[in-house]
Amino acid sequence: MTQWFNSPDWTAIGLQFGKILLQLIVIFIVYGIVKRIAQKMITRSFERMQKQRNMSTSRNKTLEKLAQNVFGYALLFVLITIVIGLFDYDVTALIAGAGIIGLAIGFGAQGLVSDVVTGFFILLEKQLEVDEYITVAGVDGIVEEVGLRTTRIRSFNGTVHFIPNREITSLSNHSRGTMQALVDISIAYKENINEAITVMQTACDAASENDETIVDGPHVIGVQHFGDSDVIIRIIAKTENMEQWAVERKLRQAIKEALDKNGIEIPFPHHVILDQRS
Amino acid sequence: MTQWFNSPDWTAIGLQFGKILLQLIVIFIVYGIVKRIAQKMITRSFERMQKQRNMSTSRNKTLEKLAQNVFGYALLFVLITIVIGLFDYDVTALIAGAGIIGLAIGFGAQGLVSDVVTGFFILLEKQLEVDEYITVAGVDGIVEEVGLRTTRIRSFNGTVHFIPNREITSLSNHSRGTMQALVDISIAYKENINEAITVMQTACDAASENDETIVDGPHVIGVQHFGDSDVIIRIIAKTENMEQWAVERKLRQAIKEALDKNGIEIPFPHHVILDQRS
Amino acid sequence: MTQWFNSPDWTAIGLQFGKILLQLIVIFIVYGIVKRIAQKMITRSFERMQKQRNMSTSRNKTLEKLAQNVFGYALLFVLITIVIGLFDYDVTALIAGAGIIGLAIGFGAQGLVSDVVTGFFILLEKQLEVDEYITVAGVDGIVEEVGLRTTRIRSFNGTVHFIPNREITSLSNHSRGTMQALVDISIAYKENINEAITVMQTACDAASENDETIVDGPHVIGVQHFGDSDVIIRIIAKTENMEQWAVERKLRQAIKEALDKNGIEIPFPHHVILDQRS
Amino acid sequence: MTQWFNSPDWTAIGLQFGKILLQLIVIFIVYGIVKRIAQKMITRSFERMQKQRNMSTSRNKTLEKLAQNVFGYALLFVLITIVIGLFDYDVTALIAGAGIIGLAIGFGAQGLVSDVVTGFFILLEKQLEVDEYITVAGVDGIVEEVGLRTTRIRSFNGTVHFIPNREITSLSNHSRGTMQALVDISIAYKENINEAITVMQTACDAASENDETIVDGPHVIGVQHFGDSDVIIRIIAKTENMEQWAVERKLRQAIKEALDKNGIEIPFPHHVILDQRS
Amino acid sequence: MTQWFNSPDWTAIGLQFGKILLQLIVIFIVYGIVKRIAQKMITRSFERMQKQRNMSTSRNKTLEKLAQNVFGYALLFVLITIVIGLFDYDVTALIAGAGIIGLAIGFGAQGLVSDVVTGFFILLEKQLEVDEYITVAGVDGIVEEVGLRTTRIRSFNGTVHFIPNREITSLSNHSRGTMQALVDISIAYKENINEAITVMQTACDAASENDETIVDGPHVIGVQHFGDSDVIIRIIAKTENMEQWAVERKLRQAIKEALDKNGIEIPFPHHVILDQRS
Amino acid sequence: MTQWFNSPDWTAIGLQFGKILLQLIVIFIVYGIVKRIAQKMITRSFERMQKQRNMSTSRNKTLEKLAQNVFGYALLFVLITIVIGLFDYDVTALIAGAGIIGLAIGFGAQGLVSDVVTGFFILLEKQLEVDEYITVAGVDGIVEEVGLRTTRIRSFNGTVHFIPNREITSLSNHSRGTMQALVDISIAYKENINEAITVMQTACDAASENDETIVDGPHVIGVQHFGDSDVIIRIIAKTENMEQWAVERKLRQAIKEALDKNGIEIPFPHHVILDQRS
Amino acid sequence: MTQWFNSPDWTAIGLQFGKILLQLIVIFIVYGIVKRIAQKMITRSFERMQKQRNMSTSRNKTLEKLAQNVFGYALLFVLITIVIGLFDYDVTALIAGAGIIGLAIGFGAQGLVSDVVTGFFILLEKQLEVDEYITVAGVDGIVEEVGLRTTRIRSFNGTVHFIPNREITSLSNHSRGTMQALVDISIAYKENINEAITVMQTACDAASENDETIVDGPHVIGVQHFGDSDVIIRIIAKTENMEQWAVERKLRQAIKEALDKNGIEIPFPHHVILDQRS
């Protein structure tokens with residue numbers, strides 16, 4: 001080390017430095033060209049593939065996003081390998097205790113490997129596709145992009161969430177088949193339960209007639225709970241995917257109007273007052 | 001490294017590359033054929049097995065799903081091993097500090113091994129079968145598929161949950177034998193408790209007559225709690241599996257109607273008011 | 001690797017494969033026979049043992065379940081060892097970096113060893129027996145089976161819980177000796193505390209007379225708390241195991257009726273209203 | 001491995017097996033005898049020791065339970081060592097990658113070592129004795145047994161808790177010296193605070209006269225808090241150990257009666273109503 | 001060690017010390033000069049780059065902050081390497097058990113590596129830019145600076161948060177595209193729902209006319225929930241980024257005024273009183 | 001192992017055993033004598049030191065407790081080392097896989113080392129002294145003893161807490177300088193805020209006159225919050241250490257009496273009632 | 001070991017011991033002298049530095065505290081190294097399995113290294129200075145001292161918190177630039193919103209006139225929320241650092257008085273009562 005400080009061969013170092021710089025420039029230009037060409041090729045082949053095989057758009061999108069993502073990381077990996085190769089590991093040789101640093105890197109990079117391993121299996125097991133509505137790690141939204149390291153989700157309120165795959169411990173996918181619409185209606189204790197159920201069922205049947213988003217039901221299934229001031233009746237229905245909220249809103253309005261018309265009370269909180277004037 | 005950059009034998013590399021590409025194509029075609037044939041064979045042998053041995057459909061389904069799953073992973077493993085073999089580990093040799101990367105992979109893959117070990121024991125100990133209703137990791141639903149790495153559960157609301165087996169710390173299976181229906185009914189403080197219990201028991205007996213889903217009971221077991229304004233009486237019954245909710249709803253309606261007929265009050269919240277006009 | 005791809009000795013491989021297959025079949029048949037015989041022998045020796053030594057049924061059941069469990073795992077372990085031996089580790093030799101995979105397995109299997117170590121000590125220290133009522137890992141119920149790896153508990157509502165032993169950090173056993181029945185009764189502020197205590201004590205004494213499930217008490221121990229609108233009096237008793245809830249229900253009804261008869265008020269929430277008409 | 005399968009020397013194996021079986025039987029008989037004799041010796045020497053040295057019963061009990069516990073584990077350890085020695089490690093030699101299994105065991109057994117190390121220091125530092133009332137790991141009760149691995153606590157409600165020592169992060173011992181009784185009393189806003197304090201202090205003094213369980217106090221220390229409808233006055237006292245609850249109950253009753261006699265109101269919740277008839 | 005204590009060659013040590021001191025001074029001066037020059041060069045090149053390429057200010061700022069940050073750490077790293085080189089590792093050689101200390105450092109530095117790895121990928125995947133509004137690790141605010149180790153965020157209340165990158169498990173970016181404004185309005189049970197929806201829609205349309213911050217809507221989507229005393233109607237709209245709060249406030253005021261004008265009641269909590277005069 | 005079982009040299013073993021026993025007895029006697037003498041010497045030297053140097057009692061007590069604690073552990077460590085030396089490690093040599101056990105011990109003892117390292121720095125940085133009032137690990141009380149492994153704290157209610165030093169993540173010391181007394185007073189919305197503040201300030205000034213425990217203030221700092229039915233005014237003061245609660249109680253009573261005298265209302269909860277008689 | 005017990009050369013040991021004792025005394029005296037001189041030198045150079053360079057007091061204080069802290073630890077480190085050197089590692093050589101102990105120390109000391117690494121970066125990135133108001137690890141207060149291992153913070157209530165740097169996961173600094181004052185005011189539903197906003201804005205403008213602590217605003221930004229009985233209007237302002245609370249209190253009083261004067265109601269909770277006399 002001290003020798004380097006006293007009398008280095010500046011000319012040799014200069015030459016060496018110039019050579020490396022030149023190589024770096026060439027490498028980065030090649031990297032840029034390869035990346036652009038490859039990305040276009042990926043996009044085009046997926047377009048062609050979709051036409052030929054009549055794949056679902058969603059599956060096709062997922063695979064295209066993924067191919068871009070994997071290719072990008074692979075190219076980056078090759079780039080870093082070549083660049084490090086240029087320097088002949090002189091830098092790392094300078095540092096004492098490379099083993100310690102290696103240990104630290106091993107532990108630190110552990111998260112990255114976890115991301116990739118988890119991501120690989122999520123994709124292999126087709127747990128999600130682009131444009132599906134999912135809940136992971138306390139966040140829910142539409143999948144925008146799936147990658148080896150990160151999954152991108154857009155909430156209904158517009159926020160974009162970036163979730164490292166390792167955070168995806170259990171994944172809930174809301175876009176696989178029919179969904180359940182569930183409405184709880186309170187009626188007063190003084191009402192006749194059977195009559196109320198009949199009124200609700202009739203209202204539900206009328207509301208769901210000609211509604212193609214409702215697959216099964218709605219069924220008024222009975223007394224779910226006794227509240228402080230109300231008897232709670234539950235109605236469930238099976239709907240087309242993502243239509244459950246619209247159906248719930250529709251049923252709520254229809255039932256409310258039917259109950260009003262039939263004079264069945266939706267009660268306010270009741271209190272019995274025992275007055276003791278002092 | 002620098003030599004490679006200056007004067008590589010491009011012809012040799014091209015030949016090598018072409019050979020590997022050819023082999024890759026052959027391998028993937030073979031992989032595709034083997035996978036399809038094997039899957040059909042598995043499905044057919046399970047169908048035949050079920051006919052011959054009169055196995056329960058649930059157990060048969062579980063084993064078929066599992067066999068497909070295990071076979072799929074085994075084939076994939078063979079594929080990866082062969083593909084890596086083609087490259088003669090040249091890529092990894094390039095990277096300095098392979099030990100560090102190995103450490104990272106070891107730690108990262110730890111989760112995968114945990115999944116498989118846990119999955120193996122869950123299946124060996126028959127903790128669940130396809131079509132059973134279970135609760136794991138804060139999620140409940142019907143088991144759709146069991147695998148070495150992941151368990152797939154469908155909630156009643158239609159959502160599909162993918163749970164890595166390592167997340168299954170303790171598993172609650174709701175499909176093993178009779179279940180308990182439990183109903184809590186509030187009566188007013190001014191009512192006679194013994195009379196109320198008799199009325200409830202009579203109503204329960206009438207409701208459960210000819211009901212084959214009720215295995216034992218219902219029994220009115222007594223005063224469970226003194227509320228602010230109500231005395232809470234508990235009724236329990238043993239029912240056939242998955243029928244507990246229907247029984248609870250039926251009992252609730254029957255008891256409510258019986259109490260109304262006998263003039264026993266289900267009380268609203270009571271308050272004593274001490275009026276001090278200013 | 002590439003050689004294997006070009007010109008493998010297919011005949012030799014076929015022969016080798018056939019030989020291994022034959023051995024596998026023989027091994028599995030032997031495994032099946034040994035398992036069935038051994039299980040019957042275990043069941044029978046425990047039956048004989050119980051007759052000869054007058055062991056408690058509970059302890060006997062625990063030991064039989066455990067013996068079956070341990071024997072099953074031991075046999076499985078022998079089976080796996082023999083099967084792996086057949087292949088001469090060729091498979092693992094194929095994979096580069098076996099050390100890494102070993103590391104992953106070591107970490108992944110760590111949970112299994114934790115299960116067995118914890119299970120061993122739970123059994124050695126007789127922390128639980130089959131048919132006891134316990135609480136572990138946030139779940140409570142009757143122990144159905146104890147094993148080296150898993151403990152099976154059935155809740156009162158019918159659900160079966162499988163708890164890996166490592167999840168059992170602290171174990172609460174409710175089936176070891178007499179239990180405490182505890183009833184809190186609210187009386188109005190305007191009542192005389194001493195009189196109320198006397199009434200309650202008399203009611204409790206009457207209710208517990210000739211009740212063999214009550215070991216000691218019930219004792220009215222005094223004013224536990226001043227509520228917003230009520231003075232809370234606590235009654236405790238010692239009961240036979242698992243009878244505490246029945247005793248509590250009995251005491252509640254008895255005290256309520258005694259208070260009603262003696263005109264001591266169980267108060268509703270009180271409010272003082274200062275009316276400022278605008 | 002395959003050789004073993006083809007032509008093993010069955011006679012030699014049989015002889016070997018018989019010899020080991022014989023040794024095992026002898027060992028277990030010796031183990032049983034030694035254990036029983038030693039346990040009696042320990043019990044007797046502790047009885048004699050207590051007579052001679054006038055040790056406190058609690059300390060003596062702790063040490064006896066501990067001695068039994070440590071001796072039991074030591075003997076078990078010797079037994080396992082000898083039994084494993086009989087087999088000459090042939091079993092473990094069969095398994096490839098013993099290092100991996102060792103790693104798993106090392107990690108798995110880590111909890112056991114934690115238990116013993118923590119237990120050793122808890123005992124060395126005399127943090128608890130048998131029959132003391134303590135709180136550990138969210139559980140409180142009377143210590144029944146202290147061991148190297150586990151501490152056994154019995155709750156007041158009769159439940160027995162087994163706590164592995166490693167779970168004892170911080171330990172709260174409620175049986176070391178005098179305890180504090182603390183009573184909070186609400187009085188109405190309209191009352192004179194000084195007068196109320198005088199009445200309470202007088203009542204407390206009367207109640208604590210000739211009460212030997214009260215070491216110091218009770219002192220009415222002043223206005224602790226302004227509630228929505230009440231002024232909260234705090235009373236504290238120092239009592240003999242485990243007598244704090246009885247003292248608190250006694251003080252509550254005495255103060256309540258004194259306030260009633262002096263016409264000082266314990267207020268119900270107050271509300272000001274601004275009536276706007278529509 | 002003891003020799004060093006008895007007879008060290010003080011002259012040699014002095015000379016050695018002087019030489020190292022001299023070198024240190026030179027190094028630090030050079031470090032200071034290089035740092036200042038480089039920082040100016042970075043700032044200037046980014047200014048020029050922005051003019052030439054018409055980059056977005058936000059992206060440009062991000063890259064400039066990052067370049068400064070990376071350059072600063074790289075220079076520091078070189079400095080430390082050179083300084084340690086001066087001492088020829090004499091210091092570390094003094095300490096026994098360097099391996100142990102190495103282990104500790106490796107574990108301790110693990111967090112640092114995690115920071116850098118996570119930071120690298122956050123930047124590579126463009127998860128955030130300077131001036132964007134994000135939520136990470138329970139903190140939300142405007143990004144002020146992104147670095148390899150730390151991200152700096154300023155809350156709206158003025159507080160500056162420094163978040164180590166490893167704490168950024170999942171990142172929510174609120175500045176990527178249009179946002180959703182969501183307003184929930186309560187109306188009385190007695191009102192006609194269809195009329196109320198019409199009035200609200202008209203008010204929303206009037207309020208959003210000529211408002212360029214509203215991209216889509218507002219739409220009154222129907223009955224979201226039945227409250228205790230109110231029917232809750234939901235209104236949603238798509239707005240320009242960061243304008244969602246202003247739009248929400250504007251819609252709230254407009255709808256309130258429209259409901260007042262049309263005599264549709266926003267209800268206070270309702271209670272039914274059953275008066276039982278004593 | 002088997003040889004040992006067949007023909008051991010019982011005489012030699014007996015002699016060896018006797019010799020070790022003799023040495024053990026001598027060692028333990030010496031240990032007992034040294035411990036007692038050393039403890040007395042430590043106590044005496046601290047007494048003398050306090051007289052000579054006029055050290056604060058608190059600091060002196062801390063150091064004495066610590067010296068006793070450190071000396072005790074050091075002696076124990078020497079004892080264990082000597083005792084293990086007597087056995088020449090024969091025991092550990094018996095156990096196969098000492099490395100595994102070593103690993104387990106290393107991990108298990110990790111907690112102990114954490115305790116000592118943390119304890120060392122807590123003492124070095126003088127974070128606490130005996131008799132100070134601190135909060136650590138969710139527990140607060142007076143420090144009774146500080147040790148290398150454990151800190152002993154006594155709560156005001158009499159409970160003694162033993163906290164392993166590693167549990168002390170962040171330490172809050174309430175005995176370092178003046179403390180803040182903080183009182184929040186509600187006044188009615190109809191009162192004039194300025195007048196109320198003046199009345200309170202006057203009352204506070206009167207109450208704090210001649211009170212040497214109040215260092216600064218009390219200051220009425222203004223409107224802290226608008227409640228549902230009250231305007232909350234905050235008063236703060238600086239007091240001598242541990243006097244903050246007494247000052248708060250005194251200020252509360254004084255302000256309450258001043259507000260009563262000046263007719264400023266401390267309001268009960270207010271409600272506006274809109275009566276709709278049905 | 002046994003030899004040492006039988007015939008040690010006591011004279012040699014004595015001489016050795018004496019020599020080491022002498023060296024220890026010399027070392028500690030030198031340590032004391034060096035420490036005192038160095039501390040004074042550090043204090044003086046910082047004083048001189050402040051005068052010459054016009055550094056901010058806060059920055060100067062931070063650096064001085066830090067220099068003292070780092071120097072103290074460095075000296076302590078040198079001391080320990082020399083003292084251990086005196087003993088020639090004889091002690092550690094005595095202990096079998098030094099590797100195990102080393103492992104334990106490595107793990108235990110891991111926390112210490114984490115502290116120093118985190119502390120180093122907190123200081124390097126200037127995340128805090130002495131006298132700034134920050135929130136870390138759930139604790140907020142004024143920074144009193146920053147160190148390599150610990151940060152000392154004093155809460156406003158007088159408590160001193162010692163936070164190990166590793167506990168500082170994310171740091172919130174409240175002393176960097178202007179802060180936001182935020183006041184929420186409730187008005188009755190019957191009031192005109194525009195009129196109320198005008199009145200509030202006027203009151204705020206009057207209150208903030210000539211107030212130099214308010215940098216921007218206050219602005220009444222509109223309807224933030226519809227409460228059960230009130231419409232909530234939000235007011236925000238930008239203030240000088242640490243003046244936000246005073247400004248908030250001032251604005252609250254000013255707005256309250258303005259609303260009173262203009263007859264705009266701040267409403268109490270409203271309830272609609274439906275009276276059903278029985």
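Keep in mind the model is a prediction, meaning the values are calculated, not measured.

(A) Quick look at the pattern of salt bridges. Summed over the entire model, instances satisfying the criterion amount to 84 salt bridges over all chains. When the shortest N-O distance is used, the salt bridge between arginine 176 of chain B and glutamate 132 of chain B registers 3.0 Å. With arginine 176 of chain B in the loop between β5 (171-173) and β6 (179-188) and glutamate 132 of chain B in the loop between α5 (98-124) and β1 (133-136), the pair connects residues that are 44 residues apart, well separated along the chain. A salt bridge links aspartate 211 of chain D to lysine 250 of chain D, with the nearest nitrogen and oxygen atoms 2.6 Å apart. One end of the pair, aspartate 211 of chain D, is in the loop between α6 (193-208) and β7 (214-226); the other, lysine 250 of chain D, is in helix α7 (residues 244-261), with 39 residues separating them in the sequence. A relative accessible area of 13% places aspartate 211 of chain D in the buried class. Lysine 250 of chain D gets classed as partly exposed once you look at its relative accessible area, which sits at 37%. Each of Asp115, Arg149 and Arg166 of chain A together with Glu125 of chain E takes part in salt bridges that share partners, so that together they form one network.

(B) Here's a closer look at the sheet that holds strand β6 (residues 179-188) of chain A. All names here are of chain A. Sheet architecture is open: three strands sit in the order β6-β8-β7, paired in antiparallel fashion. Because the sheet does not close on itself, it has two edges, and the strands there are β6 and β7 (214-226). For this sheet the average axis-to-axis angle between neighbouring strands, irrespective of direction, equals 20°. In this sheet, strand β8 (residues 230-239) lies alongside β7 in antiparallel orientation, the contact comprising eight bridges. Across the sheet, residue histidine 219 finds its bridge partner in β8, namely isoleucine 236. The sheet contacts of helix α6 (residues 193-208) involve β6, β7 and β8, and relative to β7 the element is tilted by about 160°. Relative to the sheet, helix α7 (residues 244-261) contacts β6, β7 and β8, its axis offset from that of β6 by approximately 25°.

(C) Expanded view of a positive patch on the surface. Taken together, the side chains of Lys35, Arg36, Lys40, Arg44, Arg48 and Lys51 of chain A together with Lys126 of chain E make up a positively charged region of the molecular surface. Inspection of the secondary structure assignment puts arginine 36 of chain A in helix α2 (residues 10-53).

(D) Local environment of the packing of helix α6 (residues 193-208) of chain C against helix α7 (residues 244-261) of chain C. Residue and element names in this part refer to chain C. Between α6 and α7, whose axes approach to 9 Å, the crossing angle comes to 135°. The angle between the axes of α6 and α7 places the two elements in the oblique class. When the axes of α6 and α7 are compared, the crossing they make is right-handed. In contact with Val199, Met200, Ala203, Cys204 and Ala207 of α6, α7 contributes Lys250, Leu251, Ala254, Ile255, Ala258 and Leu259.

(E) Fine view of helix α6 (residues 193-208) of chain E. Here α6 of chain E contains 16 residues, and its C-alpha end-to-end distance of 22 Å stays within 8% of the 22 Å for a straight helix at 1.5 Å per residue. The inward-facing, buried residues of α6 of chain E contact α7 of chain A together with β6 (179-188), β7 (214-226), β8 (230-239) and α7 (244-261) of chain E. Among the residues of α6 of chain E, the N-terminal cap falls to asparagine 192 of chain E, whose side-chain oxygen and the backbone nitrogen of asparagine 194 of chain E are separated by 2.8 Å. Downstream of α6 of chain E by one or two residues, asparagine 210 of chain E has phi in the positive range, about 60°.

Definitions and limits used
- Residues numbered from 1 in each chain as written.
- Chains lettered and ligands numbered in written order.
- Predicted model: local features only at pLDDT ≥ 70, side-chain atom pairs only at ≥ 80, totals over all residues.
- Heavy atoms only, no water.
- Salt bridge = Lys/Arg side-chain N within 4 Å of Asp/Glu carboxyl O.
- Helix = DSSP H or I, 4+ residues; strand = E, 2+ residues; numbered from the N terminus.
- Buried < 20%, exposed > 50% of the residue type's maximum accessible area, 1.4 Å probe, protein only.
- Pairing = 2+ DSSP bridges.
- Axes fitted to C-alpha atoms, helices over the stretch in contact; angles between N-to-C directions.
- Contact = heavy atoms within 4.5 Å.
- Patch = residues over 30% accessible without salt bridge, like charges linked within 9 Å, V, L, I, M, F, W, Y side chains within 5 Å.
- Areas by Shrake-Rupley, 256 points an atom, 1.4 Å probe, with all protein chains shown as cover.
- Lys, Arg positive; Asp, Glu negative; His and termini not counted.
- Charge placed at Lys NZ, Arg CZ, Asp CG, Glu CD.
- Parallel < 35°, antiparallel > 145°, perpendicular 65-115°, else oblique.
- Left-handed = near helix turned anticlockwise from the far one by under 90°.
- Expected span 1.5 Å × (residues − 1).
- Polar contact = N/O pair within 3.5 Å; in protein donor to acceptor, adjacent residues only side chain to side chain.

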